[in-house]
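# Notes for the structure review
Chain residues, written in single-letter form:
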Amino acid sequence: MKTFFVLLTLVLGFSAQSQQIRQGQNVAGEFLVRFQGAYNPQYAVAALQQQGLQVKEVVSRTLNLYLVKGKATTQEALGTAYRVKGVAYAQPNHYVFLRAPLNFMRGLPNDPMFNQQWDMIEGSGINAGAVWATTTGGKDKGNRDIVVAVVDGGFDLTHEDLRENIYVNRAEIPNNGKDDDQNGFVDDVYGWNAFNNSGNITSDTHGTHVMGTIGAKGGNGRGVAGVNWNVKMMAIQGASGTTATVAKAYGYVIEQKKLWFASKGQRGANIVSTNSSFGVDNADCKTGEFPVWNDLYEQMGQLGILSAAATANNNVNVDKQGDVPTGCASEYIVAVTNTTKENTKYAQSGYGARSIDLGAPGTNILSTVPGNKYSNLTGTSMATPHVAGAIALIHAAANEQFIQKYYTNPGPAVLALKQAMLVSVDQLPSLKGVTVSGGKLNVGKAVEVLNTSSARWR
Ligand SMILES: [Ca+2]
Ligand SMILES: [Ca+2]
Ligand SMILES: [Ca+2]
């Protein structure tokens, strides 16, 4: 009987949510009647029917309790029920709600520092709450894991608010000096360290902070919430040093995604975005001095990987001064500048009507730092993970038409995703005319735009 009660409660609670029913409301015309004495359904059914009431079901035999439906209002029906001989009491059939915090029901997390995360909400932030009401990330409509490759200096993979969302290559046995899954990389469990060609990932503040914005575990009652509460983040070290290091870092990403397609999702990783919070200032990607960079982004793009890239932390016009990678030609780069809580471009951040696609919050951003700590940082490096994370969250929220096209024709699919992000921005005066879109990321609107357009795809 207890099981039945719990089930009933859950069913009622669930329908209550979907119909937007408030606390304190009850099911119209329905009520519960308990009879005195031992269980006697024949008597109860007949006696209630005589008063024009209908027994919907036996709720509890031990309580001699029935769910009853009347034709009149609940109050009138209750009055009628009390006229039935042997009735101990009757009461309305209230809607019951799960004991989740109220903000959880509205798509906002219970993480204690969330009240400082202005970057996630509507207004000055990216409006992630609009998506969280439907999905908090992790899997697409084809039930495939969504992976973000975070290319940076290093990561604290043991951080309390990150560890559950770190990608793990389960086919690789750690630290045995062997390439167990024969993907060409020895001991690559969490990703790859392109600095020293090993699977040994070391910790660093910058990369740990970037990771938290993309995918700190949300709704776990700890710390902060990332753009994705659930996601798999692949740790790739190789965000500085030389172009060769960067090429090895992205080379790993490319190989894992190729393997994923070739094995139909059995091996490799479904990487949908990368985060590039690094680059070369005042460098012209189009002179022929940096072809490797553009080729890496092109190859990733054709495999369905968009790369969010941070532009310079200087008030420079990238169209004129150049920047690598945000001045590179590849359409698969989403170039990002830094916006503030006041919804303006941060003064020391790059722009460019042709090269810088959009803005995202990057000023005083609270996120994870090594040692289970949290801290505020500022820079285009902090803006960009909002975009890399948004790409992953959009994959989780995208409809089946999009996902089908993504599996079969990934390049065009992700260019449509990028376009949806650019046309759905919140227009900001300080970004108008100096960025491609003229505004700041609004991931909630981007999902709407993409799903509306992909619904028409064949
Ligand atoms: Ca391996
Ligand atoms: Ca191994
Ligand atoms: Ca958290």
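As the structure is a prediction and not an experimental result, all values here were calculated from the model.

The rules we used
- Residues numbered from 1 in each chain as written.
- Chains lettered and ligands numbered in written order.
- Predicted model: local features only at pLDDT ≥ 70, side-chain atom pairs only at ≥ 80, totals over all residues.
- Helix = DSSP H or I, 4+ residues; strand = E, 2+ residues; numbered from the N terminus.
- Buried ≥ 20, exposed ≤ 12 C-beta atoms within 10 Å, placed from the backbone.
- Contact = placed C-beta atoms within 7 Å.
- Pairing = 2+ DSSP bridges.
- Core = buried A, V, L, I, M, F, W, Y, C linked by C-beta atoms within 7 Å.
- Domains from an automatic or database assignment.
- Axes fitted to C-alpha atoms, helices over the stretch in contact; angles between N-to-C directions.
- Parallel < 35°, antiparallel > 145°, perpendicular 65-115°, else oblique.
- Left-handed = near helix turned anticlockwise from the far one by under 90°.
- Nonpolar A, V, L, I, M, F, W, Y, C, P; charged D, E, K, R; others polar.

## A look at the overall build of the chain
Regarding its fold elements, the chain presents 13 helices and 17 strands. Oriented by its inertia axes, the alpha-carbon framework of the chain measures out at about 95 × 55 × 45 Å. Of all 458 residues assigned to the chain, the portion counted as buried reaches 47%. Long-range contacts, defined here as pairs at least 24 residues apart, represent 73% of the contacts in the chain between residues at least 6 apart.

## Some details on the pairing of strand β15 (residues 373–377)
Where strand β14 (residues 365–369) meets β15, five bridges bridge the pair, whose relative direction is antiparallel. Considered in β15, the bridge of Leu 366 is made with Asn 376. Where β14 folds back on β15, the antiparallel hairpin that results is connected by three residues, among which Gly 371 adopts a positive phi of roughly 80 degrees.

## Focus: the nonpolar core
Core analysis: the biggest nonpolar cluster contains 97 residues, and Val 148, Val 150, Met 234, Ile 236, Ala 390 and Ile 394 have the highest contact counts within it. When residues of this core are assigned to their parent elements, the largest contribution, eleven residues, is made by helix α10 (residues 380–397). Ignoring any residue separated from it by four or fewer positions in sequence, one finds Val 150 in contact with Gly 207, Val 210, Met 211, Ile 214, Met 233, Met 234, Ala 235, Ile 236 and Asn 275. Among the nonpolar cores identified, the runner-up in size contains 15 residues, and Val 33, Ala 47, Val 68 and Ala 81 belong to it.

## Quick word on the domain arrangement of the chain
Domain annotation for the chain reports domain 1 (2–94) and domain 2 (104–454). Computed from C-alpha coordinates alone, the two centres of domain 1 and domain 2 are separated by 53 Å.

## As for the pairing of strand β1 (residues 26–35)
For β1 and strand β4 (residues 87–94), the ladder comprises six bridges, and the chain directions are antiparallel. In the strand pairing of β4, Phe 35 is matched with Val 87. With five bridges joining them, β1 and strand β3 (residues 65–69) adopt antiparallel strand pairing. Residue pairing in the sheet places Glu 30 in a bridge with Lys 69 of β3.

## Focus: the sheet that holds strand β2 (residues 54–60)
If you trace the four strands from one edge of the open sheet to the other, you get β2-β3-β1-β4, paired in antiparallel fashion. Where the open sheet ends on each side, the last strands, each with one partner, are β2 and β4. For this sheet, the mean inter-axis angle between neighbouring strands, taken without regard to orientation, is 30 degrees. Lying on the sheet, helix α2 (residues 41–50) is in contact with β1, β2 and β3; it crosses β2 at an angle near 145 degrees. The sheet contacts of helix α3 (residues 74–82) involve β1, β3 and β4, and relative to β1 the element is tilted by about 15 degrees.

## Some details on helix α6 (residues 205–215)
Counting buried residues in α6 gives ten out of eleven residues, a clear majority hidden from the surface. When we look at burial in α6, the residues that qualify are His 206, Gly 207, Thr 208, His 209, Val 210, Met 211, Gly 212, Thr 213, Ile 214 and Gly 215. Turning to α6, the residues buried within the fold contact β5 (147–152), β7 (232–237), β8 (271–276), β14, β15 and α10.

## Side note on the environment of Gly 37
Tracing the sequence through the fold places Gly 37 in the loop between β1 and α2. The exposure class assigned to Gly 37 is exposed, which follows from the 9 C-beta atoms found within 10 Å. Note: C-alpha distance between Gly 37 and Tyr 406 (369 residues apart in sequence) is 64 Å. Each residue touching Gly 37, except ones within four places of it in the same chain, is listed here: Asn 64 and Gly 86.

## A closer look at the packing of α10 against helix α13 (residues 443–454)
Where α10 contacts α13, the axes come no closer than 10 Å and their chain directions differ by 45 degrees. The orientation of α10 relative to α13 falls into the category oblique. Here α10 runs over α13; the crossing is right-handed. Contacts between α10 and α13 involve Ala 390, Leu 393, Ile 394 and Ala 397 from the former and Val 443, Ala 446, Val 447 and Leu 450 from the latter. Across the contact of α10 with α13, the residue classes break down as eight nonpolar, no polar and no charged.

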